[in-house]
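# Breakdown of the fold
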Amino acid sequence: MSTTEAPTKKKRSFTFPSAVTTLALVTVAVWVAALLIPAGEYQLDSDGSPVPGTYQQIPSPLSFGDRVQQLVLAPINGLYGLLDAEGFVSTEAFGRLFGQIGVIAFIMAIGAFISVSFSTRALEVAVGSLANRLRSKGWLLIAAVMILFSILGSTMGFSVETFGFYALFIPLLAALGYDRLTTAAMIILGALTGVMGSTVNPFSIGVASGEAGAPLGEGIGLRMLLWVILTAMSVGWVLRYAARIRKDPDASLVGWADPDAEDASDTDLAAEHLEHEPEGTDHTLTSTQKWVLVVTAFAFGLMIFSVIPWSSILGASTGPADYYVEHETSAEPFAWELNWWFPQLAMLFIFASIIVGLIARMKEAEIVRLIGAGAADMIGPALVVSLAGGVSAIMTNTQTLDTILNSMENLVSGLSAAGFAIVVTVINIPLALLVPSTSGHAALAMPLLAPLADFAGVSRPTTITAWMSGAGLTMLWAPTQVVVVGGLAIAKVGYDVYLRFVWPLIVAMFIVSAGIIAVAASLG
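Note that this is a predicted model, so its numbers are computed, not measured. (Residues numbered from 1 in each chain as written. Predicted model: local features only at pLDDT ≥ 70, side-chain atom pairs only at ≥ 80, totals over all residues. Heavy atoms only, no water.)

### Quick look at the environment of Ala-393
- Inspection of the secondary structure puts Ala-393 in helix H15 (residues 379-397).
- Each C-alpha atom, one on Ala-393 and one on Arg-500, is 28 Å from the other, the two residues being 107 residues apart in sequence.
- If sequence neighbours within four positions are ignored, Ala-393 has contacts with Asn-77, Val-89 and Phe-98. (Helix = DSSP H or I, 4+ residues; strand = E, 2+ residues; numbered from the N terminus. Contact = heavy atoms within 4.5 Å.)

As structure tokens, then:
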């Protein structure tokens, strides 16, 4: 009697959805939550800030049909929606830009520049040469980049500008034996830890100080202490992971598989080539490649110089500011200050792409083709950024943010000094999830928190630091934070992988920052 073995069924393993699907699910979840949260509003003072104790519920400004329309149009509003004088976001409104079209244009211009410059192999050869010199000192490069980005984040909110650096560091760190998660963590945690530990950042501390009526310099000692400790923790965490995977490549959370040919960008191909490059490969630059590197260095250097709000930082000014849309502060700019933002930065890299093409003696058709191909490589990150903006549009249009602010106001009332400081940190975590702009978040929260801090016996500068710790902590992981989801999309690192890597650090940073702030609040 013959026996046959029954075919074994393969178990389907759960695969975490892509960044686009994840954000689409977040959008739906926020929309459903907004259905359950009543609409409300505060009375506003002459500066447009909410007045404590004046909250009242109001009838929802939207019918159910309108709400469904808001869900459907959320990605479009997140792309190029306008915020009108009544605080409503729509593509048909008259007002200031609310959507993320500026960020997207910048990302696609970066992609265009990378495509043209990588076609000359200048960056690939330069990265290979640098990798040979840093074979045993890769950790030093990681630490130096993270500290630099953290300084820039702490002083001027440097974060979205990091998108341009992925194409430079992914191939370099791949050649040094590090995976894509190491690159993404180095860039994201480096910049956003600095923002969390902001010292004189006019787009967060400057706005909050202006709303609270506190000088920018007050509390800077506490903020500098937090910046040093948090940056050290962040750098140490990334270096620990980097050392582990360099010693044991199988320990990589993201793996070492080469990207699919259809999805591979010029950065991916360069990284793949450098990973498998034999030792002793010649990395001599031609004269054309040297000039391409000069243009590259000039473009990135000019980008950093042009976005720094020099007058606000050097003048220690406080008051209204906007980071994401206009990138302006209340300080009068110096004559030599450029005050560039996404429109100028996008064209900077488009012009740089053309100049590189001319230096390399490319034909006009080839330059146009490469610019188009590079921009197309960034469609995925652009979709992610647009969806993230759509979540904020839903919360704005349903008028539920004031209801959330009122809950926050009720939670912190009547607490001890230490308890007040800790709760301020905690309650600003979910608020930052819904309002990813630190400028907008400060303008909403600080007018309510500052007078409550007086009753709790906590100084207003300490309250500002507690607020920034909660908001900054959220920036490190939030799916509505374009620096995180956009950066991970460019690096082709799954959001779930990043969360698995970063959550112990986030917990540790919360415990440390909350503890230090609680002690500072108790001491007065």
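There's plenty left to go through after this.
### Looking at the confidence of the model for the chain
- Per-residue pLDDT for the chain averages 89, and the proportion of residues at 70 or more is 93%.
- Per-element confidence in the chain is highest for helix H7 (residues 180-196), whose mean pLDDT is 97, and lowest for helix H10 (residues 266-275), whose mean pLDDT is 65. (pLDDT = per-residue confidence, 0-100.)

### With respect to empty space enclosed by the protein
- Taken as a whole and assessed by the stated rule, the structure comprises 4 cavities of 30 Å³ or more.
- Taken as a whole, the largest cavity encloses approximately 70 Å³ of empty space.
- For the lining of the largest cavity, the per-class residue count stands at 6 nonpolar, 4 polar and no charged.
- Of the pockets and cavities examined, the second largest cavity occupies roughly 60 Å³. (1 Å grid on protein atoms, 1.4 Å probe; cavity = no way out; pocket = protein on both sides within 12 Å on 5 of 7 lines; lining within 4 Å. Points joined across faces, edges and corners; volume = space filled by probe spheres on them. Nonpolar A, V, L, I, M, F, W, Y, C, P; charged D, E, K, R; others polar.)

### What about helix H14 (residues 364-377)?
- With 14 residues, H14 should reach 20 Å at 1.5 Å per residue; the first-to-last C-alpha distance of 20 Å fits that figure.
- Among all positions of H14, only Ile-367, Leu-370, Ile-371, Gly-374 and Ala-375 are buried. Buried residues in H14, looked at end-on, bunch into an arc of 130°, giving them a common side.
- Structurally, H14 contributes buried residues whose contacts are with helix H3 (101-119), helix H13 (342-359) and H15. (Expected span 1.5 Å × (residues − 1). Buried < 20%, exposed > 50% of the residue type's maximum accessible area, 1.4 Å probe, protein only. Arc of directions from axis to C-beta.)

### Side note on the nonpolar core
- Ranked by size, the top nonpolar core spans 154 residues in total, and within it Val-160, Phe-165, Tyr-166, Phe-169, Leu-189, Phe-349 and Trp-467 carry the most contacts.
- Apart from residues no more than four positions distant in its own chain, Trp-467 is found in contact with Ser-204, Ala-208, Val-424, Asn-428, Thr-438, His-441, Ala-442, Ala-445 and Met-446. (Core = buried A, V, L, I, M, F, W, Y, C linked by side-chain atoms within 4.5 Å.)

### Some words on the side chain of Ser-252
- Structurally, the position occupied by Ser-252 is in the loop between helix H9 (220-247) and H10.
- Its relative accessible area of 12% is what places Ser-252 among the buried residues.
- Of the polar contacts made by the side chain of Ser-252, one reaches the backbone nitrogen of Val-254; its length is 3.3 Å.
- Beyond its immediate stretch of four places on either side in the chain, Ser-252 contacts Asp-179, Tyr-241 and Ile-245. (Polar contact = N/O pair within 3.5 Å; in protein donor to acceptor, adjacent residues only side chain to side chain.)

### Details of the sheet that holds strand E3 (residues 82-83)
- Strand order in the open sheet formed by 3 strands is E4-E3-E5, and the pairing between neighbours is antiparallel. In the strand order of this sheet, the two ends are held by strand E4 (89-90) and strand E5 (96-97), each with one partner.
- In the sheet, E3 pairs with E4 via 2 bridges, with the strands oriented antiparallel. If you follow Leu-82 over to E4, its bridge partner there is Ser-90. (Pairing = 2+ DSSP bridges.)

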